[in-house]
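Chain and residue survey
Each chain, written out:
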Amino acid sequence: MPDIEETKNTNSIQQIRYVCSIAAMHSASAIPRVIPIVHCGPGCADKQFMNVAFYNGFQGGGYGGGAVVPSTNSRELDVVFGGEGRLRELIKASIKILDTDLFVVLTGCISDLVGDDVGSVVKEFQEQGVPIVYAETGGFKGNNFTGHELVTRAIIDQYVGEYDGPRQQATVNLWSLLPYHNTFWRGDLTEIKRILEGIGLKVNILFGYESKGVSEWKHIPKAQFNLVLSPWLGLQTAEHLESKYEQPYLHVPVIPIGAQETSSFLRKVAAFAGLDHAPVEEFIRQEEETYYHYLESFSDFYAEYWWGLPAKFAVVGDSAYNLALTKFLVNQLGIIPGKQIITENPPEEYRENIREEYRKIAEDVATDVEFEEDSYIIHQKIRQTNFGHKAPIIFGTTWERDLAKELKGAIVEVGFPASYELVLSRSYVGYRGALALLEKIYTTTVSASA
């Protein structure tokens, strides 16, 4: 086996872990009754759907997304003479036959490279009162995390617009998981909304079934503050909102899993919002009582089956789940971190802060984290990790299934692509999601030993 120190990065990535910027069409369709329109080559939108929303939890396309997104399917003719006319024609046709609250036009590499003036085309319809915005999301702009921030900003600037009225106290806008790319985003956002409302906040969740759609987006400037719940995704949006509306934000890098982290998270948010202490503590008491009731039952299994359980783990995936899982596994289950690899290529300016979170993963535990996108190198690093005398449990993706077999370990698919999981409303965060995660971890572990 080649030593990983001798392995150099190339321009090729084996087994992708993110997709093109235009996949932010999923961020648009994740807002109820919003339909994306893509101005790109044939096949681009379908590839994004099959990768991000189909072979990743089989999430489906929703109301206006998936495989039915209107596309210009740009041809050679559009490259030579420009594709603005074809886009104008598509928008007109879409308005006639599609019932929506907002269209979001996203561009691909072809139109961005040939210089189509998409803004002018969209402006023609905006001036007619059509609810429509655009974002330039050519693949060279970055990956789908970048595209998500571009789409979010486009809706805020072109649709939400200006506001200098009063704020609504105890109302918060949540910026957290990347819709569809995070396999469990629907259930997770539901659980996060539930617990924030439990302490007395009104929550603009913005994406997913629990969102009220564009009417909720119109209320963004009225909220008391923005909550960024992720290591870095959403920070640019929150900073933009602070600049645009003088709206403060709270950044919590760790998505809470389990009673310890979730209760701490809620107290932090409550303090920032200035909420009454007593009802917050009463909600936390009730939630912890339920959580530890089930954990008491789990403790019998944990005490009796200790010899068959993994002692070390590896996490391979995007930074949001990677950090959250590592915190939970170390602090709540006492499992030893073996290898943590973040795969979504976060911007350089955020990486040191992310590393710092791993250095203080627990009061008496510090660990390292690596940033790597190429599955060949990732797998080599895990093969060369010392997991001790027991087989490890790997929290990863479908790409790690064969590796887990090779190491005689267990695999829990927690991120893109999760092609062997059917995910509807399952959550792994908060109080309730942590219990579901425990069930998944130890069902998988026990099954692997059979």
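As a reminder, the structure under discussion sits directly above these lines.
All figures in this text were calculated on a predicted structure; none of them were measured in a lab. (Residues numbered from 1 in each chain as written. Predicted model: local features only at pLDDT ≥ 70, side-chain atom pairs only at ≥ 80, totals over all residues. Heavy atoms only, no water.)

With that settled, consider the sheet that holds strand β7 (residues 249-252). Strand order in this open sheet of four strands is β5-β4-β6-β7, and the pairing throughout is parallel. With one partner strand each, in any of the chains shown, β5 (202-204) and β7 form the two edges of the open sheet. Looking at each pair of strands side by side, their axes are set apart by 30° on average, direction ignored. Where strand β6 (residues 223-229) and β7 come together, four bridges link them in parallel fashion. Bridge assignment links Leu-229 to a residue of β7, and that residue is Val-252. Taken strand by strand, helix α8 (residues 185-198) contacts β4 (168-175), β5 and β6, and its axis lies near 155° from that of β5. Along the sheet face, helix α10 (residues 235-245) touches β4, β6 and β7 and points at about 165° away from the line of β7. (Pairing = 2+ DSSP bridges. Helix = DSSP H or I, 4+ residues; strand = E, 2+ residues; numbered from the N terminus. Axes fitted to C-alpha atoms, helices over the stretch in contact; angles between N-to-C directions. Contact = heavy atoms within 4.5 Å.)

Let's shift gears to the nonpolar core. Core analysis: the largest hydrophobic core is formed by 113 residues, its most contacted members being Leu-201, Trp-217, Leu-227 and Phe-395. Sorting elements by how many residues they give to this core places helix α13 (residues 319-331) first, with eight residues. Counting residues in hydrophobic clusters, the runner-up holds 13 residues, among them Leu-87, Phe-103, Val-118 and Val-130. (Core = buried A, V, L, I, M, F, W, Y, C linked by side-chain atoms within 4.5 Å. Buried < 20%, exposed > 50% of the residue type's maximum accessible area, 1.4 Å probe, protein only.)

Let us now look at the packing of aromatic side chains. Summed over the entire model, instances satisfying the criterion amount to 19 aromatic pairs. Ring geometry for Tyr-291 and Tyr-292: centres 5.1 Å apart, planes at 85°, overall edge-to-face. Here Tyr-292 falls in the partly exposed class, since its relative accessible area comes to 36%. Ring centres 5.7 Å apart and planes at 65° place the aromatic pair Phe-301 and Tyr-442 in the edge-to-face group. Residue Phe-301 is located in helix α12 (residues 277-304), and its partner Tyr-442 is located in helix α17 (residues 430-448); the two are separated by 141 residues in the primary sequence. Owing to a relative accessible area of 5%, Tyr-442 belongs among the buried residues under this scheme. A network of ring pairs unites the aromatic residues Phe-49, Phe-54, Tyr-55 and Phe-58 as a single cluster. Directly above the ring of Phe-371 sits Arg-351, whose terminal nitrogen or CZ lies 4.7 Å from the centroid. (Phe/Tyr/Trp six-rings, centres within 6.5 Å; stacked < 30°, edge-to-face > 60°. Lys NZ or Arg CZ within 6 Å of the ring centre and 35° of its normal.)

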